Amino acid sequence: MEAFLISTGIVALAEIGDKTQLLALVLALRFRQPWPIAAGIFVATLANHALAGAVGAWVTTVLGPDLLRWVLAASFIAMAVWMLIPDKLDDDDQPTAPRYGVFGTTVVAFFLAEMGDKTQIATVMLAAQYQALFWVVAGTTLGMMLANAPVVWLGERMTRLLPVRAVHITSALIFFGLGLWALLGDF
């Protein structure tokens, strides 16, 4: 249960102000069809995070416990620093036309935008740390939905309600704490 709850919280916080959250906003404003957009985000996130979680689980079989502890600690601390760098949506990340319908466009755009993103890297690290693939993927997927579904339905109003910088600082502190825990703790 710890893996699920921490994965949910970490990804929900990390996603606020992230490029994929901005993509969710663009899709919502452009297509104005929240149900297929939310379903597309769910499918893309589940597929992406399942792959990322599998990589994290595989890493634990390749690295010894001491090296894994150092890699995880360094990765969490690097993620803390990365959280302090704001994301922006590049012009070429915006969908051009719903060639595959709203759902298909959302799945493809969201899956590709999530590749190498903070939340995908966090999923790899969390799966490696907790060795509970199902719970980590379920938690990170729920975290993505908690951060993105309100944006799909509430659009621009939602982005003005949250102090994004404060959320990023909080996320950075959590990642830093996880890095220290991985370095100093016993797991």
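See the structure shown above.
Residues numbered from 1 in each chain as written. Predicted model: local features only at pLDDT ≥ 70, side-chain atom pairs only at ≥ 80, totals over all residues. Heavy atoms only, no water.

**Q** I keep staring at the overall build of the protein chain and nothing clicks. Help me out?
**A** Of regular secondary structure, the protein chain possesses nine helices and zero strands. Along the protein chain, helices (α) and strands (β) appear in the sequence α-α-α-α-α-α-α-α-α when read from the amino end. Counting over 187 residues, the protein chain shows a buried share of 47%. Counting contacts in the protein chain only where the partners sit at least 6 residues apart, residues at least 24 apart contribute 91% of the total. For the protein chain, the accessible surface area stands at approximately 9,100 Å², while carbon and sulfur atoms represent 70% of it. (Helix = DSSP H or I, 4+ residues; strand = E, 2+ residues; numbered from the N terminus. Buried < 20%, exposed > 50% of the residue type's maximum accessible area, 1.4 Å probe, protein only. Contact = heavy atoms within 4.5 Å. Areas by Shrake-Rupley, 256 points an atom, 1.4 Å probe, with all protein chains shown as cover.)

**Q** Mind showing me how you'd approach the side chain of Ser7 here?
**A** Assignment of secondary structure puts Ser7 in helix α1 (residues 2-15). Owing to a relative accessible area of 0%, Ser7 belongs among the buried residues under this scheme. A distance of 2.6 Å separates the side chain of Ser7 from the backbone oxygen of Ala3, its partner in a polar contact. With sequence-adjacent residues up to four places away left out, Ser7 is seen in contact with Leu126, Val136, Gly139 and Thr140. (Polar contact = N/O pair within 3.5 Å; in protein donor to acceptor, adjacent residues only side chain to side chain.)

**Q** Explain the packing of helix α3 (residues 34-62) against helix α7 (residues 133-154) to me, please; I cannot follow it from the model alone.
**A** Each pair of packed helices can be described by the angle between their axes along with the distance between the axes. Two elements in contact, α3 and α7, have axes separated by 9 Å at closest approach and are oriented at 150°. Taken as axis vectors, α3 and α7 run roughly antiparallel relative to one another. As for how α3 packs across α7, the hand of that crossing is right-handed. Here Pro34, Trp35, Ile37, Ala38, Ile41, Phe42, Thr45, Leu46, His49, Ala50, Gly53 and Ala54 of α3 lie close against α7, whose contacting residues are Leu133, Val137, Thr140, Thr141, Met144, Met145, Asn148, Val152 and Trp153. (Axes fitted to C-alpha atoms, helices over the stretch in contact; angles between N-to-C directions. Parallel < 35°, antiparallel > 145°, perpendicular 65-115°, else oblique. Left-handed = near helix turned anticlockwise from the far one by under 90°.)

**Q** Please clarify how the environment of Ile16 should be interpreted in this entry.
**A** With respect to the helices and strands, Ile16 occurs in the loop between α1 and α2 (19-31). In this structure, the C-alpha to C-alpha distance between Ile16 and Val151, residues 135 residues apart in sequence, is 9.9 Å.

**Q** I tried to follow α2 on my own but got confused; where do I start?
**A** Across its 13 residues, α2 extends 18 Å between first and last C-alpha, which sits within 8% of the 18 Å expected from 1.5 Å per residue. Of the residues making up α2, those classed as buried are Thr20, Gln21, Leu23, Ala24, Leu25, Leu27, Ala28 and Phe31. Immediately downstream of α2, the backbone of Arg32 shows phi near 50°, a positive value. (Expected span 1.5 Å × (residues − 1).)

**Q** Could you clarify how one ought to interpret a nonpolar patch on the surface in this entry?
**A** On the surface, a nonpolar cluster with roughly 320 Å² of combined accessible area is contributed by Phe42, Val43, Leu46 and Phe103. Examining the composition of the nonpolar patch, we find that three residues originate from one element, α3, more than from any other. Of note, Leu46 is situated in helix α3. (Patch = residues over 30% accessible without salt bridge, like charges linked within 9 Å, V, L, I, M, F, W, Y side chains within 5 Å. Salt bridge = Lys/Arg side-chain N within 4 Å of Asp/Glu carboxyl O.)

**Q** How should I be thinking about the nonpolar core in this particular structure?
**A** Most often, soluble globular proteins have nonpolar side chains that are buried together. Core analysis: the largest hydrophobic core is formed by 19 residues, its most contacted members being Leu23, Ala24, Ile37, Ile41, Phe110 and Val152. Among the elements that line this core, the one with the most residues is α2, at six residues. Counting residues in hydrophobic clusters, the runner-up holds 15 residues, among them Leu126, Tyr130, Ala172 and Phe175. (Core = buried A, V, L, I, M, F, W, Y, C linked by side-chain atoms within 4.5 Å.)

**Q** Looking at this structure, I do not really get helix α6 (residues 118-130). What am I missing?
**A** Since the α-helix turns once every 3.6 residues, residues separated by three or four places project in the same direction. For α6, with 13 residues, the first-to-last C-alpha span of 18 Å sits near the 18 Å given by 1.5 Å per residue. Of all 13 residues that make up α6, eleven are buried, and the element is covered over most of its length. When α6 is considered as a whole, its buried residues turn out to be Lys118, Thr119, Gln120, Ala122, Thr123, Met125, Leu126, Ala127, Ala128, Gln129 and Tyr130. A positive backbone phi angle near 50° is found at Gln131, which sits one or two residues after α6.

**Q** What should I look at first to understand the packing of α1 against α6 in this one?
**A** In contact at an axis separation of 10 Å, α1 and α6 are set at 165° when each is read in the N-to-C sense. Comparing the axis directions of α1 and α6 gives the class roughly antiparallel. Between α1 and α6 the crossing geometry is right-handed. For the pair formed by α1 and α6, the contact residues are Glu2, Ala3, Ile6, Ser7, Ile10, Val11, Ala14 and Glu15 on the first element and Thr119, Ala122, Leu126 and Tyr130 on the second. Its residues assigned to classes, the contact of α1 with α6 shows eight nonpolar, two polar and two charged. (Nonpolar A, V, L, I, M, F, W, Y, C, P; charged D, E, K, R; others polar.)

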